[in-house]
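Inside the fold
What follows is each chain in one-letter form.
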Amino acid sequence: MPRPTYPVTLVARHQLSSNTIQLDFRVDDNFSYEAGQFIQLHFRHNGEDVKRSYSIANSPSSFTSTGILEIALSYVDGGVASEFFSNLEQGIELSIGGPFGILTAPKKPSGQVILVGTGTGIAPYRAMAEELVALAERGTKISILMGVRSRNELIYSADLKALADRSDDVSYLTCFSRETDVDSTRGEINGYVQSQFDTLNINPESDLVYLCGNPKMIDDATLQLKEMGLGVRQIKREKYVFSS
Ligand SMILES: Cc1cc2nc3c(=O)[nH]c(=O)nc-3n(C[C@H](O)[C@H](O)[C@H](O)COP(=O)(O)OP(=O)(O)OC[C@H]3O[C@@H](n4cnc5c(N)ncnc54)[C@H](O)[C@@H]3O)c2cc1C
């Protein structure tokens, strides 16, 4: 049986970085999700039905109070959805399917939690802010690693810094793969997100690592974590694979 879809209306568009926009959709029906899940946006292009997946970037509680679903869309040159959504007029009606995905906040982690996202792959952790603060209050150590090529691609940095400021047990680190002018006192490093695993005192028996975004980062990081002794159940993954 096909999963139900929900009507949505585009109400706002914000430029988040040089190549990423945030789209705000009002959901015109009953809809709920868990932080960390994604939706599929349905639209018609050249007479064909097209679907693309996007992580939900805002928390369920903010959605409950505003009725607005936020997604961060990174522009791909010539991409069908990229072109379509960049030129979308406010007020246009579409539909969404979902929610999908199991990259949800851990309920009772036995060790530290490491949340890794490249590009828009950081969005699910922004949506988890309240769960993460609650976990930190119960003593779980949380490290958020954001990976981008350069500073002008950063998104949601202020939100994640604010989240880290709420607890000594939450840290936020930005990893720039193509930026040499970095400020380590502000939690910036030059290198891939995976290069930080050795610095995190990872306990392969108890720690949990989330990986979201670029499929190559996820493959490389998974390999490295397995070599460090983590089992598959300790690595949760959401690969942003292309649909076409
Ligand atoms: C579970 C899941 C969650 C996702 N969440 C997000 C999200 O929150 N934000 C987001 O921006 N995207 C996300 N994506 C990716 C998204 O679904 C689309 O694939 C992306 O927006 C490109 O779609 P497009 O129609 O513009 O490009 P397409 O028309 O599908 O592709 C056009 C061309 O560009 C290439 N291409 C496509 N994407 C990329 C890329 N990222 N880098 C390099 N080349 C590319 C394709 O191979 C193709 O040749 C997610 C994907 C999955 C599976």
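My aim in this report is to walk through the structure given alongside it, one point at a time.

Thresholds, definitions, all that
Residues numbered from 1 in each chain as written. Predicted model: local features only at pLDDT ≥ 70, side-chain atom pairs only at ≥ 80, totals over all residues. Heavy atoms only, no water. Pairing = 2+ DSSP bridges. Helix = DSSP H or I, 4+ residues; strand = E, 2+ residues; numbered from the N terminus. Axes fitted to C-alpha atoms, helices over the stretch in contact; angles between N-to-C directions. Buried < 20%, exposed > 50% of the residue type's maximum accessible area, 1.4 Å probe, protein only. Core = buried A, V, L, I, M, F, W, Y, C linked by side-chain atoms within 4.5 Å. Domains from an automatic or database assignment. Contact = heavy atoms within 4.5 Å. Near = heavy atom within 4 Å. Polar contact = N/O pair within 3.5 Å; in protein donor to acceptor, adjacent residues only side chain to side chain. Areas by Shrake-Rupley, 256 points an atom, 1.4 Å probe, with all protein chains shown as cover. 1 Å grid on protein atoms, 1.4 Å probe; cavity = no way out; pocket = protein on both sides within 12 Å on 5 of 7 lines; lining within 4 Å. Sits in = over half its atoms within 2 Å of the grid points. Nonpolar A, V, L, I, M, F, W, Y, C, P; charged D, E, K, R; others polar.

A word on the sheet that holds strand β3 (residues 38-45)
Across the sheet, six strands lie side by side as β4-β3-β6-β1-β2-β5; this open sheet has antiparallel pairing. Strands with a single pairing partner mark the edges of an open sheet, and in this sheet they are β4 (48-55) and β5 (68-74). Here the strands of the sheet are splayed against their neighbours by 40 degrees on average, with no regard to which way each runs. Here strand β1 (residues 5-17) pairs with strand β2 (residues 20-27) via eight bridges, running antiparallel. Paired with Arg13 across the bridge in β2 is Leu23.

Comments concerning the pairing of β2
Summarising burial for β2: seven of the eight residues are buried, a large majority. Linking two consecutive strands that pair antiparallel, namely β1 and β2, is a turn of two residues. Looking at chain direction, β2 and β5 are connected through seven bridges and run antiparallel. Note that in β5 the partner of Thr20 across the bridge is Ser74.

Regarding the nonpolar core
Core analysis: the biggest nonpolar cluster contains 33 residues, and Ile142 and Ile144 have the highest contact counts within it. Among the elements that take part in this core, helix α4 (residues 129-137) stands out by supplying five residues, more than any other. When residues of this core are assigned to domains, at least three map to each of domain 1 (5-100) and domain 2 (113-239). The contacts of Ile142, once residues within four sequence positions are left out, are Val113, Leu115, Leu132, Leu135, Ala136, Asp169, Val170 and Ser171. Formed by 24 residues, the second largest nonpolar core is a distinct cluster that contains Val8, Leu10, Phe25 and Tyr33.

Regarding the site of the ligand
Neighbouring the ligand are 20 residues, the closest being Arg52, Ser53, Tyr54, Ala81 and Ser82. A distance of 2.8 Å separates an oxygen atom of the ligand from a polar atom in the backbone of Ser74. Thr120 is positioned with one of its side-chain polar atoms (N or O) 3.2 Å from a nitrogen atom of the ligand. In the complex, the protein chains occlude 75% of the 930 Å² of accessible area that the ligand would expose alone. Applying the majority rule of atoms within 2 Å of the grid points places the ligand in the largest pocket. Elements with a minimum of two residues in the shell around the ligand: β4, β5, α2 (80-86) and β12 (235-239). Class assignment for the residues of the shell around the ligand results in ten nonpolar, seven polar and three charged. Shared between two domains, the shell around the ligand takes at least three residues from each, and those domains are domain 1 (5-100) and domain 2 (113-239).

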